[in-house]
Amino acid sequence: MDNSIKDHWNEIYGALDTDELTWYEEIPAPSVKLLSKCHIDKDETILDVGAGASTFIDYLVNHGFKNIIAADISEIALNKLKERLGKEKESAVRWIVDDITRPVHIQNLRDIAVWHDRAVLHFLLEEEQQQMYLSTLRKVIKKSGYVIVAAFSLEGAKKCSGLEVKNYDQNMMAKFLGEDFILIEYFDYVYYMPSGKPRPYIYTLFQKK
Ligand SMILES: C[S@@+](CC[C@H](N)C(=O)[O-])C[C@H]1O[C@@H](n2cnc3c(N)ncnc32)[C@H](O)[C@@H]1O
């Protein structure tokens, strides 16, 4: 695990309330929209990579999904999410502290029906990190499984939380995932930070052949 990255994120989650984070969503509407296009049963496995303290996990629990995995490099982020959910709902989720660029636990998962990533891949600037992300995704996703990835769009911010990002459009995302993944849907989405300032994202949904 990259400890400097881990420390960075732990510091941010430790310093701010969840609703002060510059990516906080009260309702994860664009992710939910794409999830609704995935033809999965409630007992299939959904992995949120870099879940942080995301309300997407609350949504999944509250809507009866039974196999939810929240993974993040920051245990402080996941602890905040656990606290918000409360004991009963917390126990409905599998929790993994792991670095997606050097995965120890995530790579042992199998049969993931939906891989969800909002604002994580775009932090991976090095080819080696991106390839590790991709090879892990390919290993764990089931046949005909879905991939939802949201990243800052080409018009979007060049930095987040003091870190540089790689901006994407749907074609770059398709090229990154490769020919085994079919682009089902994409849209631009302007997210508004707690400060009221806009942050343009690109949301993409792929299905593995
Ligand atoms: C901008 S936040 C987005 C969090 C969440 N997906 C959401 O939409 O609220 C980026 C998240 O990625 C996590 N992260 C960053 N680098 C990571 C890595 N290498 N492996 C796993 N998680 C990582 C951070 O801890 C943080 O929770």
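Residues numbered from 1 in each chain as written. Predicted model: local features only at pLDDT ≥ 70, side-chain atom pairs only at ≥ 80, totals over all residues. Heavy atoms only, no water.

Engineer: If you had to explain helix H4 (residues 75–90) to someone new, which residues and values would you point to?
Structural biologist: In this model H4 runs just 14 Å from its N-terminal to its C-terminal C-alpha over 16 residues, more than 12% under the 22 Å that 1.5 Å per residue would give. Along H4, the helix axis deviates most sharply at Arg-84, where the bend reaches about 75 degrees. Of all the positions in H4, only Ala-77, Leu-78, Leu-81, Leu-85 and Glu-90 are classed as buried. Against the buried residues of H4 lie helix H1 (3–15), helix H3 (55–62), strand E2 (67–72) and strand E3 (93–97). (Helix = DSSP H or I, 4+ residues; strand = E, 2+ residues; numbered from the N terminus. Expected span 1.5 Å × (residues − 1). Bend = angle between axes of the 7 residues up to and from the residue. Buried < 20%, exposed > 50% of the residue type's maximum accessible area, 1.4 Å probe, protein only. Contact = heavy atoms within 4.5 Å.)

Engineer: Provide a residue-level description of the site of the ligand, including the pertinent values.
Structural biologist: Surrounding the ligand, one finds 18 residues, the nearest of these being Tyr-13, Gly-50, Asp-72, Asp-99 and Arg-118. Between the ligand and the protein, one listed contact pairs a nitrogen atom with a side-chain N or O atom of Asp-99 at 2.8 Å. One of the backbone N or O atoms of Ile-100 is found 2.9 Å from a nitrogen atom in the ligand. Of the residues belonging to the shell around the ligand, the class tally is nine nonpolar, five polar and four charged. (Near = heavy atom within 4 Å. Polar contact = N/O pair within 3.5 Å; in protein donor to acceptor, adjacent residues only side chain to side chain. Nonpolar A, V, L, I, M, F, W, Y, C, P; charged D, E, K, R; others polar.)

Engineer: Describe the packing of aromatic side chains, with residues and values.
Structural biologist: For any pair of aromatic rings, geometry is given as the distance between the ring centres together with the angle between the planes. Tallying each qualifying case throughout the model produces ten aromatic pairs. Judged by centre distance (5.0 Å) and plane angle (75 degrees), the rings of Trp-9 and Phe-123 are edge-to-face. Taken together, the residues span a long stretch of sequence, with Trp-9 in helix H1 and Phe-123 in the loop between strand E4 (112–118) and helix H5 (127–140) at a distance of 114 residues. According to the relative accessible area criterion, Phe-123 is buried, its value standing at 15%. Considering the side-chain rings of Phe-187 and Tyr-203, the 5.5 Å spacing of their centres and the 10 degrees angle between planes classify their relative orientation as stacked. Of this pair, Phe-187 sits in strand E8 (residues 181–192) while Tyr-203 sits in strand E9 (residues 198–208), placing them 16 residues apart in sequence. This pair shows no difference in class: Phe-187 is buried, exactly as Tyr-203 is. These aromatic residues form a ring-pair network of at least three members: Phe-152, Phe-187, Tyr-189, Tyr-191, Tyr-201 and Tyr-203. It is Lys-33 that lies over the ring of Phe-187; its NZ or CZ is 4.4 Å from the centre. Cation over ring: Lys-42 sits above Phe-65, and NZ or CZ is 5.2 Å from the ring centre. (Phe/Tyr/Trp six-rings, centres within 6.5 Å; stacked < 30°, edge-to-face > 60°. Lys NZ or Arg CZ within 6 Å of the ring centre and 35° of its normal.)

Engineer: Any chance you could break down the environment of Val-149 for me, citing the residues and the numbers?
Structural biologist: Along the chain, Val-149 falls in strand E5 (residues 141–152). In this structure the C-alpha to C-alpha distance between Val-149 and Ile-202, which are 53 residues apart in sequence, comes to 8.3 Å.

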